[in-house]
Amino acid sequence: MPEDDEEAAARERAQRYIKFGTVTEKNVEQLRKLNLAVFPVRYNDKFYSDLASAPSQAYTHLAYFNDILVGAICCRIEPQEGAAFKLYIMTIGVLAPYRRLGIGTQLLKQVLHACALEPNLQELYLHVQTSNSDAIDFYTRFGFSQGEVIKDYYKRIEPPDAVLLHRVAPFPVLSKEEQPARYA
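Here the structure is a predicted model, which is why all the values come from computation and not from measurement.

Asker: Mind laying out the packing of aromatic side chains, listing which residues take part and the relevant values?
Answerer: One pass over the structure, following the stated rule, counts eleven aromatic pairs. Ring geometry for Phe47 against Tyr48: centres 4.9 Å apart, planes inclined by 80 degrees, an arrangement best described as edge-to-face. Using a relative accessible area of 3% as the deciding quantity, one classes Tyr48 as buried. Here Tyr88 and Tyr125 contribute two aromatic rings whose centre-to-centre distance is 4.9 Å and whose plane-to-plane angle is 55 degrees, an arrangement assigned as tilted. Remark: Tyr125 occurs in strand E5 (residues 121-129) and Tyr88 occurs in strand E4 (residues 85-94); sequence separation between them is 37 residues. With relative accessibility at 14%, the residue Tyr125 sits in the buried group. Ring pairing ties together the aromatic residues Phe39, Tyr43, Phe47 and Tyr48, which thus form one cluster.

Asker: So what's going on with the state of the cysteines? Residues and values would help.
Answerer: Going through the model one piece at a time under the given rule, you end up with zero disulfides. Note on Cys115: no disulfide assigned, nearest cysteine sulfur contributed by Cys75 at a separation of 7.1 Å.

Asker: Describe the sheet that holds strand E1 (residues 18-21), naming the residues involved and giving the relevant values.
Answerer: The strand order across the open sheet formed by seven strands is E1-E2-E3-E4-E5-E7-E6, and the pairing between neighbours is mixed. Only two strands of the sheet have a single neighbouring strand rather than two, namely E1 and strand E6 (145-150). Neighbour-to-neighbour, the strand axes of the sheet open up by a mean angle of 25 degrees, direction not taken into account. Taken together, the four bridges between E6 and strand E7 (residues 162-168) define a ladder with antiparallel strand orientation. Its bridge partner lying in E7, Val149 is registered against Val163. Each of strand E2 (61-65), strand E3 (68-79) and E4 is contacted by helix H2 (residues 28-38), which is oriented at about 95 degrees to E3, the strand it contacts most.

Asker: Before we move on, could you go through the environment of Ile73 and cite the residues and values that matter?
Answerer: Residue position: Ile73 is located in strand E3. In sequence terms Ile73 and Gly93 are 20 residues apart; their C-alpha atoms lie 6.7 Å from each other. In this structure, Ile73 is in contact with Tyr59, Thr60, His61, Ile89, Thr91, Ile92, Leu107, Leu108 and Val111, ignoring residues within four places of it in sequence.

Asker: Describe the nonpolar core, naming the residues involved and giving the relevant values.
Answerer: Generally speaking, soluble globular proteins have nonpolar side chains that are buried together. Ile89, Leu108, Leu124, Tyr139 and Phe144 are the most contacted members of the largest nonpolar core, which totals 35 residues. For this core, the leading source of residues is helix H4 (residues 103-116), giving seven residues. Those residues within four positions of Ile89 in sequence are excluded, and the remaining contacts are Ile73, Cys74, Cys75, Leu108, Leu124, Tyr125, Leu126, Tyr139 and Phe144.

How each quantity is defined
- Residues numbered from 1 in each chain as written.
- Predicted model: local features only at pLDDT ≥ 70, side-chain atom pairs only at ≥ 80, totals over all residues.
- Heavy atoms only, no water.
- Phe/Tyr/Trp six-rings, centres within 6.5 Å; stacked < 30°, edge-to-face > 60°.
- Buried < 20%, exposed > 50% of the residue type's maximum accessible area, 1.4 Å probe, protein only.
- Helix = DSSP H or I, 4+ residues; strand = E, 2+ residues; numbered from the N terminus.
- Disulfide = S-S within 2.5 Å.
- Pairing = 2+ DSSP bridges.
- Axes fitted to C-alpha atoms, helices over the stretch in contact; angles between N-to-C directions.
- Contact = heavy atoms within 4.5 Å.
- Core = buried A, V, L, I, M, F, W, Y, C linked by side-chain atoms within 4.5 Å.

Written out as structure tokens, the structure reads:
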């Protein structure tokens, strides 16, 4: 069986073990540990307290594999003029052993779907380290465009430069079949 077929079969078998949830005061420390394991930067206490107390959880999701937190996407609403707003993807990550199972894709699709339901959302954007070609390719597959390169965006990692990736409406609406059936 070719590698792509094996990967697809493994992804399909794994789906029954994947569930999603929201950030709460009770699980925010698990998210902190996940981020320490996944990202080369540390996020401050305010980052986590803001996520746990956010009035809308439509743009932040946790991913569990067999009840173990293995991934997350965390976004921040940025108000614009009037009722308009932008959405910034602060983090999206999956623990290394659980990558290639479609978890990151499902996390991003959930946010894109929530964006499609919000007529006042102008843009979804994020920064990616310029050397992270896998991430740049991932977002490009979801309709993100590359913008400017920001020199010295990161302070303690090499290379320090980031590329701005963004996507504007329309955003894809997930069909019933594409929506995660298992939300914890």
